[in-house]
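Each chain, letter by letter, is given below.
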Amino acid sequence: MTSPPTEIKNVLVIGANGIVGTSAIKHLLASNFQVSALIRASSTKPTTFPPEVQVFKTDYTPASLAPAFQTQHAAVSTLSFDGLKLQKVLVDAAIAAGVKLFLPSEFGIDTSHPDAAKLIPFLQPKVETLEYLESKQDQIAWTGLASGSLFDWSLEIPGFGGIDVPERKATIYDGGDVTYSATTIEQVGRAIAAVLKQPLDVVANRHVLVNSFTLTQKEVVAALETVMGGTFEKSYDTVVNLRKVGFEKLEGGNFRGMLELIASSFYGGFGVADFESKGLWNGRLGLGQEDLEGVIRGWIEGRK
Ligand SMILES: NC(=O)c1ccc[n+]([C@@H]2O[C@H](COP(=O)([O-])OP(=O)(O)OC[C@H]3O[C@@H](n4cnc5c(N)ncnc54)[C@H](OP(=O)(O)O)[C@@H]3O)[C@@H](O)[C@H]2O)c1
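For every chain, the first residue of the written sequence is number 1, and numbering continues from 1 onward in sequence order. Local features are withheld for residues below a pLDDT of 70 in this predicted model, meaning they are given only at 70 or higher, and side-chain atom pairs are given and counted only at 80 or more; totals for whole chains, interfaces and linings count all residues. Calculated side-chain values reflect all of the structure's heavy atoms, with hydrogen atoms and water omitted.

Colleague: Explain the overall build of the protein chain to me, please; I cannot follow it from the model alone.
Modeller: Helix numbers and strand numbers start at the N terminus; a helix is a DSSP run of H or I with at least 4 residues, a strand a run of E with at least 2. Secondary structure summary: the protein chain contains 14 helices and 13 strands in total. Radius of gyration (C-alpha) of the protein chain: 19 Å, near the 19 Å computed for a compact globule of 304 residues. Considered along the principal axes of its C-alpha atoms, the protein chain spans approximately 55 × 45 × 40 Å. In the protein chain, buried positions account for 53% of the 304 residues. Taking the intrachain contacts of the protein chain between residues at least 6 apart in sequence as the baseline, contacts between residues at least 24 apart amount to 77%. With C-alpha atoms as the basis for the radius of gyration, the globule rule is written as 2.2 Å multiplied by the number of residues raised to the power 0.38. Burial status follows relative accessibility: with a 1.4 Å probe on protein chains alone, a residue under 20% of its type maximum counts as buried, one over 50% as exposed, and anything between as partly exposed. Contacts are assigned to residue pairs with any non-hydrogen atoms lying within 4.5 Å of each other.

In structure tokens:
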């Protein structure tokens, strides 16, 4: 196995307990990085990091962040929900410690698109973090890693994007033929490690788009049918209606309305999720693509 370039050796993963953080740690270790984990002192999640990972606890004050950032060459934020609003403090801590590269928590649609936060209001703190990083890029480099739909995460949520695997039901939106990028949780971890293995000037201060596959909603349902056998019961609706339902839920205080808005950003052809047409980085990062039916087969096996 080749070692990473000397520019980046020590990497801090922030929100390291989460879905993307766990995959990042696994693949960074496999790529020979020296990995540290940052979690909230108040975190209630059980922590099971490999023994070679140094764990830092923080309350996100500058004083409690400083020891974690000391000696790091890169920091990868995988924060979610309200944690996204903490990222400017993290950028400041990274700059103070002389960190070279910061990956903010992205891992979704292309937030460089001007409509990104209109499509999914929850993304506004991500956009603001990137604007902050751009304003500081004379002091620290950044890479916005976009990976489209988190494919196996979405399958885990019955009804997400109209697809209910346990019930074998699918609501197809706008005909289901719009192409979008989707990436497995494993591939996101591989992509994080692959970005950090690049010479800094290759990935600095830009959005990097990766995926596992380019697909349509109809192709996902067809692949589920092939792997599971039989057919899904189908109904049909529009992306406009999907977004209306999402906003109604949010207005009623139901945060899960965000799921409809996320799915609509994949199915709506808004120019935020089809990375093949925008320019995929898989080739430059040495990342293969994955086989849709194979991934679904593995996901089903993993749930038995
Ligand atoms: N494109 C998609 O379909 C898709 C799907 C899922 C996620 N994502 C994106 O991927 C990124 C990571 O998501 P994830 O699902 O891996 O996240 P997650 O597992 O839900 O959470 C990651 C970590 O965020 C921290 N966190 C949550 N709320 C916080 C708060 N209020 N203050 C401080 N820390 C907080 C927690 O860290 P502690 O250990 O400190 O508690 C948690 O372990 C996010 O940017 C998310 O939007 C994209």
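Still more ground to cover, so stick around.
Colleague: How do you make sense of the packing of aromatic side chains when you look at a structure like this?
Modeller: Pairs of aromatic rings are described using the distance from one ring centre to the other and the angle between the two planes. Aromatic rings from Phe, Tyr and Trp, with only the six-membered ring used for Trp, were paired whenever their centres fell within 6.5 Å, and each pair was classed as stacked if the ring planes differed by under 30 degrees, edge-to-face if by over 60, and tilted otherwise. All told, the structure shown has eight aromatic pairs when counted by the stated rule. Aromatic side chains Phe81 and Phe122 sit 6.4 Å apart centroid to centroid with 50 degrees between the ring planes, which places their arrangement in the tilted category. You can see Phe81 sitting in the loop between strand S4 (74–77) and helix H3 (87–97) and its partner Phe122 sitting in the loop between helix H4 (116–119) and helix H5 (124–135), a full 41 residues away along the chain. Members of the aromatic cluster, connected to one another through ring pairs, are Tyr173, Tyr180, Phe266 and Tyr267.

Colleague: Could you clarify how one ought to interpret the sheet that holds strand S1 (residues 10–14) in this entry?
Modeller: Backbone hydrogen bonds are what pair the strands of a sheet, in a parallel or an antiparallel way. As summarised here, the arrangement of the seven strands in space is S3-S2-S1-S4-S5-S6-S11, forming an open sheet in which the pairing is parallel. Of all the strands in the sheet, just strand S3 (54–58) and strand S11 (206–209) have a single pairing partner and so form its edges. Strand-to-strand twist in this sheet, taken as the mean axis angle between neighbours without regard to direction, amounts to 25 degrees. The criterion for strand pairing is that DSSP finds at least two bridges linking the strands in question. As judged from the four bridges shared by S1 and S4, these two strands associate in the parallel manner. Paired with Ile14 across the strands is Ser77, a residue of S4. Against the sheet, helix H2 (residues 62–69) engages S1, strand S2 (34–40), S3 and S4, with an angle of about 170 degrees to S3. Note on geometry: axes are lines fitted to C-alpha atoms, helical ones only across the stretch in contact, with angles between N-to-C directions running from 0 to 180 degrees.

Colleague: Just to check I follow, could you spell out the environment of Thr184 for this structure?
Modeller: One can find Thr184 in the loop between strand S10 (180–183) and helix H7 (185–197). The class for Thr184 is buried, based on a relative accessible area of 3%. Separated by 30 residues in the primary sequence, Thr184 and Ser154 have C-alpha atoms spaced 9.7 Å apart. Those residues in contact with Thr184 that lie beyond four places of it in its chain are Leu150, Phe151, Asp152, Arg190, Ser212, Phe213, Glu290 and Val295.

Colleague: Is there a simple way to explain the pairing of S10 in this structure?
Modeller: Note on strand geometry: in a regular strand, side chains alternate between the two faces of the sheet. Of the two faces of S10, the one lined by Tyr180 and Ala182 and the one lined by Ser181 and Thr183 are each fully buried. Strand direction decides the pairing type here: S10 and strand S12 (residues 213–215), joined by three bridges, are antiparallel. Paired with Ala182 across the strands is Phe213, a residue of S12.

Colleague: How should the domain arrangement of the protein chain be read in this particular structure?
Modeller: An automatic or database domain assignment is the source of the domain bounds shown. With domains assigned, the protein chain is organised as domain 1 (10–147 + 184–209) and domain 2 (150–182 + 212–302). Each of domain 1 and domain 2 has a C-alpha centre, and the two are 25 Å apart. Contacts between domain 1 and domain 2 engage 29 residues on the former and 32 residues on the latter. With both chains or domains summed, domain 1 and domain 2 bury close to 2,400 Å², and 70% of this area falls on carbon and sulfur atoms. Every case where a carboxyl oxygen of Asp or Glu lies within 4 Å of a side-chain nitrogen of Lys or Arg is listed as a salt bridge. Linking domain 1 to domain 2 there are two salt bridges. Buried area: the accessible surface (1.4 Å probe) lost by two parts on joining, summed over both.

Colleague: I tried to follow the UniProt feature "domain: NmrA-like" (unreviewed entry) in the protein chain on my own but got confused; where do I start?
Modeller: UniProt positions are given in the numbering used here, feature names are shortened, and annotations may be inferred rather than shown by experiment. When the UniProt feature table is mapped onto this chain, "domain: NmrA-like" (unreviewed entry) is found at residues 9–239. For residues 9–239, the end-to-end C-alpha separation is 44 Å, with 35% helix and 24% strand making up the annotated structure.

Colleague: Explanation requested: helix H1 (residues 19–30) in the structure shown.
Modeller: Since one α-helical turn is 3.6 residues long, residues separated by three or four positions face the same way. Take the number of residues in a helix, subtract one, and multiply by 1.5 Å to get its expected span. For H1, with twelve residues, the first-to-last C-alpha span of 17 Å sits near the 16 Å given by 1.5 Å per residue. Residues of H1 that are buried in the fold lie against S1, S2, strand S7 (149–150) and H7. One or two positions beyond H1, positive phi appears at Asn32, with a value near 70 degrees.

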